Amino acid sequence: MNNRMIAREPALCDPALVETITNECNCPQLVARALIRRGVASAEEAKRFLNPDESDLLDPFLLPDMQIAADRVRQAIDTAERICVFGDYDADGVCSTAMLVQRLQKMGANVEYYIPHRHSEGYGMSADAVRLLHTRGVKLIITVDNGVSAYDEIALCAALGIDVVVTDHHSVGKTIPECVAVVAASRKDASYPNRYLCGAGVALKLIQALNGGAYTPEELALAAVATIADVVPLTGENRVIAACGLKHISKLTGLSALLRAAGFNQPRVDEMTVSFMIAPRLNAAGRMASALEAVHLLLGEEPTRADEIASTLHAYTHRRRDTENEILDEAERQIAARGDIGRAILLAHESWNAGVIGI
């Protein structure tokens, strides 16, 4: 018999631990067994998993370079240096950008933000963007959801007299960029217990570091949206951010407008709401036009303007779906026209939207 056809029996759970979790957490045995098979080893761990609490958020200064980063940002604020928050064009990037810009504004910073255009600039920092920010008088760039691979661009920043603080969650290579600070749990030398923060998760930790450990419900809500949208593991600290942040999404003018535009009429916002209603509309801005519109939505406090932008993002989502179907139809036509396709299929068309083909 083919071994791949044999169903493997999951490892048996310790009956005593099942009983302990069942009794102390007041949950069915089925839930207790599921928790154990997901790595829960005690009733205390089970309680934290079933009842996420903000008190379980980790110390931001456990992240590498966090103290250096926080000190440099405070210095820039104190001396009125121009700061640029350099973000990314997906949901994680726009949430990261909005939350950090708002925090710096509250602290009195001279701050602007920059999101590269997906179709004309591509991902992350570019030499042209760096030179443009230099002409604007920027002295400190803080990256969010990007930066760990921007070696050449960060070197250009140094040559132009611009300091860079990188906050990112993507995999770090053998070397880290030579800049003021690289705040990333994914660094090889990092000992931070949660290696799977999303970009907004790292931004939230920087906000905590700048604000005596505190943050607003709105900042936690944006971090929750990004955590769910970026599909990072929802365990440990990520689970706390997602579960606790979901409760505050309705407090944000922009996200409330986005839900109205999507026709949302449920009593509570959950992870499915974020995954299928909020995140696609935030992502659609960067896929179909400019992600700056999504940042404007999240930064806005005026309901009428928020409704206008939300309506635009909702329309982008429909355009994205239509474009996706058009690409699929063309791909199927190309395959049909080829006949014998061999062992691999490589398809292309000059009209295909680079922001859509990935999905």
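Residues numbered from 1 in each chain as written. Predicted model: local features only at pLDDT ≥ 70, side-chain atom pairs only at ≥ 80, totals over all residues. Heavy atoms only, no water.

Trainee: Go over the pattern of salt bridges, please, and point to the residues and values.
Mentor: All chains considered together, the criterion is met by 16 salt bridges. Salt-bridge contacts for R103 lead to E219; the nearest nitrogen and oxygen are separated by 3.0 Å. Of this pair, R103 sits in helix α5 (residues 91-106) while E219 sits in helix α9 (residues 217-229), and the two are 116 residues apart along the sequence. Across the pair, exposure class does not vary: R103 and E219 are buried alike. Through salt bridges with shared partners, one network takes in D65, R187 and D189. (Salt bridge = Lys/Arg side-chain N within 4 Å of Asp/Glu carboxyl O. Helix = DSSP H or I, 4+ residues; strand = E, 2+ residues; numbered from the N terminus. Buried < 20%, exposed > 50% of the residue type's maximum accessible area, 1.4 Å probe, protein only.)

Trainee: Summarise a negative patch on the surface; cite the residues concerned and give the values.
Mentor: Negative charge collects at one region of the surface, where D322, E326, D329 and E332 lie side by side. With respect to the element layout, E326 can be found in helix α14 (residues 303-338). (Patch = residues over 30% accessible without salt bridge, like charges linked within 9 Å, V, L, I, M, F, W, Y side chains within 5 Å. Areas by Shrake-Rupley, 256 points an atom, 1.4 Å probe, with all protein chains shown as cover. Lys, Arg positive; Asp, Glu negative; His and termini not counted. Charge placed at Lys NZ, Arg CZ, Asp CG, Glu CD.)

Trainee: How would you explain the layout of surface pockets if you had to name every residue and give the values?
Mentor: Its boundaries defined by the atoms lining it, the largest pocket holds a volume of some 320 Å³. If you trace the largest pocket, you find 17 residues lining it, with E45, F49, T235, G236 and E237 closest to the centre. Breaking the lining of the largest pocket down by element, the ones donating at least two residues are α3 (43-50) and α10 (236-246). Of the residues forming the lining of the largest pocket, the biggest block, five residues, is contributed by α10. Broken down by class, the residue content of the lining of the largest pocket amounts to six nonpolar, five polar and six charged. Looking at the second largest pocket, its volume works out to about 210 Å³. Residue lining of the second largest pocket: 14 residues in total, with Q102, E218, L252, L298 and E301 positioned closest to the centre. For the lining of the second largest pocket, the secondary-structure elements that each account for two or more residues are α5, α9 and α11 (253-261). Its residues placed into classes, the lining of the second largest pocket shows four nonpolar, five polar and five charged. (1 Å grid on protein atoms, 1.4 Å probe; cavity = no way out; pocket = protein on both sides within 12 Å on 5 of 7 lines; lining within 4 Å. Points joined across faces, edges and corners; volume = space filled by probe spheres on them. Nonpolar A, V, L, I, M, F, W, Y, C, P; charged D, E, K, R; others polar.)

Trainee: Any chance you could break down the state of the cysteines for me, citing the residues and the numbers?
Mentor: In protein chemistry, a disulfide is the covalent bond that joins the sulfur atoms of two cysteines. Counting across every chain of the model gives zero disulfides. Cysteine C84 is unpaired, with the sulfur of C157 as its nearest cysteine sulfur at 9.6 Å. The closest cysteine sulfur to the non-disulfide-bonded C157 is located on C179, 9.0 Å from its own sulfur. (Disulfide = S-S within 2.5 Å.)

Trainee: How would you summarise the packing of helix α1 (residues 15-25) against helix α2 (residues 29-37) if you had to cite specific residues and measurements?
Mentor: Viewed as axis vectors pointing N to C, α1 and α2 meet at an angle of 120°, and their least axial separation amounts to 9 Å. Taken together, α1 and α2 sit at an angle that is classed as oblique. By crossing handedness, the relation of α1 to α2 is classed as right-handed. Of α2, the residues touching α1 (which contributes L17, V18, E19, I21 and T22) are Q29, A32, R33, L35 and I36. Its residues assigned to classes, the contact of α1 with α2 shows six nonpolar, two polar and two charged. (Axes fitted to C-alpha atoms, helices over the stretch in contact; angles between N-to-C directions. Parallel < 35°, antiparallel > 145°, perpendicular 65-115°, else oblique. Left-handed = near helix turned anticlockwise from the far one by under 90°. Contact = heavy atoms within 4.5 Å.)

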